[in-house]
Amino acid sequence: MLSEANLPSLNGLRAFSAAGRHLSFRAAAEELGVTQGAVAQQVRGLEEHLGLRLFLREPRGLSFTEEGRSYHAAVSRAFSQLMDATGALLDTPSRVTISVTPTFASKWLIPRLAEFTETHPGIDLRITATERVMSFYADGIDIAVRQGRPPFGASLRAELLFPQEVIAVGSPQLVAPDVHVDAAALSRMTLLHDAHDLWPQFLEAAFGTVPTAPRGLHFSQTTLSLDAALAGQGIALASRFLVQRDRDAGRLERAVQAALEGGQDFYALLPHQGASEAALRVMEWLLSMAHEESREG
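Conventions and cut-offs
Per chain, residue numbering runs from 1 following the sequence as it is written. Local features are withheld for residues below a pLDDT of 70 in this predicted model, meaning they are given only at 70 or higher, and side-chain atom pairs are given and counted only at 80 or more; totals for whole chains, interfaces and linings count all residues. To get the side-chain values, all heavy atoms of the structure are used, and hydrogens and water are removed first. Per-residue accessibility, obtained with a 1.4 Å probe over protein chains only, is compared with the maximum for each type, and a residue is labelled buried under 20%, exposed over 50%, and partly exposed between these values. In DSSP terms, a helix is any run of H or I states spanning at least four residues, a strand is any run of E spanning at least two, and both are numbered starting from the N terminus. Here a strand pair is declared whenever DSSP counts at least two bridges between the two strands. Salt bridge criterion: a side-chain nitrogen from Lys or Arg within 4 Å of a carboxyl oxygen from Asp or Glu. Here the axes come from fitting lines to C-alpha atoms, over the contacting stretch only for helices, and the angles between their N-to-C directions go from 0 to 180 degrees. Oblique is the label for any angle not under 35 degrees, not over 145, and not in the 65 to 115 range, which are roughly parallel, roughly antiparallel and roughly perpendicular in turn. Residues are treated as being in contact if the distance between any of their heavy atoms lies within 4.5 Å. Amino acids are sorted into nonpolar (Ala, Val, Leu, Ile, Met, Phe, Trp, Tyr, Cys and Pro), charged (Asp, Glu, Lys and Arg) and polar (every other residue, Gly among them). Only the six-membered ring of Trp is used, alongside the rings of Phe and Tyr, when aromatic pairs are assigned; centres must lie within 6.5 Å, and planes under 30 degrees apart are stacked while those over 60 apart are edge-to-face, with the rest tilted.

A. Geometry of the pairing of strand β10 (residues 235-239). For β10, the tally of buried residues reaches five of five residues, placing the bulk of the element in the interior. Here β10 shows two buried faces, one formed by Ile235, Leu237 and Ser239 and the other by Ala236 and Ala238. Pairing analysis gives four bridges linking strand β7 (residues 165-170) to β10, with the strands arranged antiparallel. Bridge assignment links valine 166 to a residue of β10, and that residue is serine 239. In this sheet, β10 lies alongside strand β8 (residues 191-193) in parallel orientation, the contact comprising two bridges. Among the inter-strand pairings, leucine 192 is bridged to a residue of β10, identified as alanine 236.

B. How the structure looks around the pattern of salt bridges. A full pass over the atoms with the stated rule returns eight salt bridges. Between arginine 26 and glutamate 30 there is a salt bridge, with its nearest N and O atoms 3.2 Å apart. One end of the pair is arginine 26 and the other is glutamate 30, both in helix α2 (residues 25-32) and four residues apart, which spans about a single turn. For arginine 26, a relative accessible area of 48% puts it in the partly exposed group. Note on glutamate 30: relative accessible area 58%, which makes it exposed. Between aspartate 227 and lysine 107 there is a salt bridge; the shortest N-O distance is 3.2 Å. Here aspartate 227 is found in helix α9 (residues 222-230), whereas its partner lysine 107 is found in helix α5 (residues 102-109), with 120 residues between them in sequence. For aspartate 227, a relative accessible area of 37% translates into the label partly exposed.

C. Quick peek at the packing of α2 against helix α3 (residues 36-50). At their nearest, the axes of α2 and α3 sit 8 Å apart, and the two run at 105° to each other. By the angle between their directions, the pair α2 and α3 is classed as roughly perpendicular. Contacts between α2 and α3 pair Phe25, Arg26, Ala28, Ala29 and Leu32 from the former with Gln36, Val39, Ala40 and Val43 from the latter. Looking at the contact of α2 with α3 residue by residue, the class counts come to seven nonpolar, one polar and one charged.

D. Quick peek at the sheet that holds strand β4 (residues 123-129). Across the sheet, which stays open at both edges, the five strands sit in the order β4-β3-β5-β13-β6 with mixed pairing between neighbours. In this open sheet, the two strands that pair with only one neighbour each are β4 and β6 (156-162). Ignoring which end each strand starts from, the neighbouring axes of this sheet average 25° apart. Its contacts with the sheet place α5 against β3 (94-100), β4, β5 (143-148), β6 and β13 (265-271), and it is angled at close to 115° to β3.

E. Quick peek at the side chain of threonine 65. Within the element layout of this structure, threonine 65 appears in the loop between β2 (61-64) and α4 (66-91). Take threonine 65: its relative accessible area is 11%, and that puts it in the buried class. Ignoring any residue separated from it by four or fewer positions in sequence, one finds threonine 65 in contact with Arg53, Leu54, Phe55 and Leu56.

F. Structural detail: the packing of aromatic side chains. By the definition in use, this model includes 14 aromatic pairs. Measuring from centroid to centroid gives 5.4 Å for phenylalanine 16 and phenylalanine 55, while their planes differ by 50°, and the two rings are tilted. With a gap of 39 residues between them, phenylalanine 16 in helix α1 (residues 10-22) and phenylalanine 55 in strand β1 (residues 55-58) connect regions that are remote in the sequence. For phenylalanine 16, a relative accessible area of 0% corresponds to the buried category. Of the aromatic side chains, those joined through ring pairs into one cluster are Phe104, Trp108, Phe116, Phe162, Phe241, Phe266 and Trp285.

And the structure:
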């Protein structure tokens, strides 16, 4: 049985393929950028390897033998498949998988994806939205955005995106623009809770007390509590940068002057070792966008 070790040399096959297209050693040499003698020698070596004549050398050029014609068709198909496969490989965008929380994905990242794809057309960005702490290597994650406090481990590069600054927001149906409600007014409103459950801390920081048994709705994710706030269902807490677009568009208003700061800041995490060039470019984009928005804020 024929093995790879018994296959003809690639140079010989290339010379044969080119000579067969032109039926001329001279024209094949011009195509390949070598001498006519080199092409003829490569083809002779191929014929000796196969133990077959592939061309008839005639005064006016070359002509195929019967075996040479069928072999040339097969070799041409093989080179065509190699070129197609190589072209597809080179045209494939670099893939980067980023793990973010659902709220970060829906309220910050997704609205900015059009800008990212316009400036980085060669990167295929894959987004995994989960609250779960994932393994970079086991889960195939290139970058993660998480809230926390450093250090995150010696193997990870951590870059601050946004400091924690939690504010209370509600729709214009409940909160008039530029009018901040007091503790008594807030106690009559529905408070929208998420899994972080920061309302007790926020109220303590804002008013020095927690209103007695305020009404509340509870959600598993911040993005759900914000959707409820947009629908006029109550007052939600969220990091300022996550609601800035909705505030700029007039869909949400700041309800309370105070803010809850410190603690769980937002960081972009990237392994120190093995990060691809594409992942580094995504990291740079995240940092540039965050720093630009921080300056504007």
